[in-house]
Amino acid sequence: MDNTNIHNPLVSIIVVTYNSAKFVIETLESAKAQLYNNIELIVTDDCSKDETVKLCSKWIAQNKNYFVDAKIITSEVNTGIASNCNRGLRASKGEWLKYIAGDDLLLDNCIADNLDFVNRYPNAKFITSKTENIGDNGNPYYCGPDRYKALRKFYFGLSAKMQLKTYARLPVFLNSPAFFMNRELIVSVNGFDEEFKIYEDICIIFRINDVGERVYFFNSDTVKYRVHENAISRNKNSAVHERRNKEQILIFKKYRK
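Residues numbered from 1 in each chain as written. Predicted model: local features only at pLDDT ≥ 70, side-chain atom pairs only at ≥ 80, totals over all residues. Heavy atoms only, no water.

Undergrad: Run through the pattern of salt bridges, naming residues and quoting values.
TA: Side-chain pairs of opposite charge can arise whenever the charged atoms involved come near each other. Summed over all chains, the structure comprises 11 salt bridges. The closest approach of N and O atoms between Lys54 and Glu51, which form a salt bridge, is 3.9 Å. A relative accessible area of 43% means that Glu51 is categorised as partly exposed. Ionic pairing is found between Asp116 and Arg120, a salt bridge with its closest N-O pair at 3.1 Å. With Asp116 and Arg120 both in helix α4 (residues 110-120) and 4 residues apart, this pair spans about one turn of that helix. (Salt bridge = Lys/Arg side-chain N within 4 Å of Asp/Glu carboxyl O. Buried < 20%, exposed > 50% of the residue type's maximum accessible area, 1.4 Å probe, protein only. Helix = DSSP H or I, 4+ residues; strand = E, 2+ residues; numbered from the N terminus.)

Here it is, written out as structure tokens:
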């Protein structure tokens, strides 16, 4: 395959894992099921203590022929989400990046629909879309009314400069599991901010808006986001909760003001 062809670019699906053994095979199967087929698969693991690495290694050995390339990279120490994302970035060769957590699922149209959007809007380098919420069992999960629907509609119509000002006031309303990114753009802003262990998504929005790139949106589901108690955004462990609060303050000091 011609990985540089504008109509058939190489896409890197980067599965970000940490103690993801319960769900990661489902995640990998969702990557294999993509309707688009010029894909490299990278699993980047952040020193899991469970069977994640073993399961992923075995699955890749059995399914690598479904991809242009498939590999797993590991870390000897736990470094946090941003550093884990950057390891995947450095290992990737695709023109486009699709990050997915090791407990979420790609819909089979995910890559194809994102690339179709790029073909229709050639200036788009950072894209998000809709997500479906699911529970532990994979069934639909209702999280309550969408408080930010109107704000998102307003935000996506703004210039990069005005998106930055809006997001600085309330950086919590984007569907980050659905992000689809141009690799060259992410490299140009030095990747994800490794000062923060949890909020890699908030910082990357600040970085790309700050260099004049908008966040684009298309109104289609591309990802299933799993809602469960061990997810980093919902974990009630006191240490994790304290880390979230601390990072929110640090992000404000570094970016929002």
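Undergrad: Report on the nonpolar core, specifying residues and quantitative values.
TA: In this structure, Tyr99, Phe126, Ile186 and Ile205 are the most contacted members of the largest nonpolar core, which totals 34 residues. By residue number, the principal contributor to this core is helix α8 (residues 200-210), which donates 6 residues. Beyond its immediate chain neighbours, meaning those up to four positions away, Ile186 contacts Leu89, Leu97, Phe126, Met181, Gly191, Phe192, Ile204 and Ile208. In this structure, Leu28, Ala31, Ile39 and Ile127 belong to the second largest nonpolar core, which totals 29 residues. (Core = buried A, V, L, I, M, F, W, Y, C linked by side-chain atoms within 4.5 Å. Contact = heavy atoms within 4.5 Å.)

Undergrad: Tell me about the packing of helix α6 (residues 160-169) against α8, and name the residues and values.
TA: With their axes 8 Å apart at the nearest point, α6 and α8 run at an angle of 150° to one another. Between α6 and α8, the angle falls in the class roughly antiparallel. Viewed along their axes, α6 and α8 form a crossing whose handedness is left-handed. Contact residues: Ala160, Gln163, Leu164, Tyr167 and Ala168 in α6; Asp201, Ile202, Ile205, Phe206, Asn209 and Asp210 in α8. Considering only residue class, the contact of α6 with α8 consists of 7 nonpolar, 2 polar and 2 charged. (Axes fitted to C-alpha atoms, helices over the stretch in contact; angles between N-to-C directions. Parallel < 35°, antiparallel > 145°, perpendicular 65-115°, else oblique. Left-handed = near helix turned anticlockwise from the far one by under 90°. Nonpolar A, V, L, I, M, F, W, Y, C, P; charged D, E, K, R; others polar.)

Undergrad: Before we move on, could you go through the side chain of Ser75 and cite the residues and values that matter?
TA: Looking at the element boundaries, Ser75 is found in the loop between β3 (69-73) and α3 (81-91). Within the local environment of Ser75, its side chain forms a polar contact with the backbone oxygen of Val77, the two atoms lying 2.6 Å apart. (Polar contact = N/O pair within 3.5 Å; in protein donor to acceptor, adjacent residues only side chain to side chain.)

Undergrad: Explain the sheet that holds strand β5 (residues 105-106) to me, and be specific about the residues and the numbers.
TA: If you trace the 8 strands from one edge of the open sheet to the other, you get β3-β2-β1-β4-β7-β6-β8-β5, paired in mixed fashion. Edge strands, defined here as strands with exactly one partner in the open sheet, are β3 and β5. Examined bridge by bridge, strand β1 (residues 11-17) and strand β4 (residues 96-101) share 6 bridges and lie parallel to one another. Its bridge partner lying in β4, Val11 is registered against Trp96. This element, helix α2 (residues 52-63), spans β1, β2 (39-45) and β3 of the sheet and lies at about 165° to β3. (Pairing = 2+ DSSP bridges.)

Undergrad: Run through the packing of aromatic side chains, naming residues and quoting values.
TA: Inspection of every chain in the model, using the stated rule, returns 14 aromatic pairs. Relative to Phe156, the ring of Tyr155 has its centre 5.5 Å away and its plane inclined at 75°; by these criteria the two rings are edge-to-face. Judged by relative accessible area, Phe156 falls into the buried class, the value being 10%. On the basis of an interplanar angle of 75° and a centroid distance of 5.7 Å, the ring pair of Tyr167 and Phe173 is categorised as edge-to-face. In terms of burial, Tyr167 and Phe173 fall into one category: buried. Taken together, the ring pairs in this structure connect Tyr155, Phe156, Tyr167, Phe173, Phe206, Phe217 and Tyr255 into an aromatic cluster. For the cation-ring pair, Lys32 lies above Tyr66, with the distance from its terminal atom to the ring centre recorded as 4.7 Å. Of note, Arg214 hangs over the ring of Tyr216, and the distance from its end group to the ring centre comes to 4.3 Å. (Phe/Tyr/Trp six-rings, centres within 6.5 Å; stacked < 30°, edge-to-face > 60°. Lys NZ or Arg CZ within 6 Å of the ring centre and 35° of its normal.)

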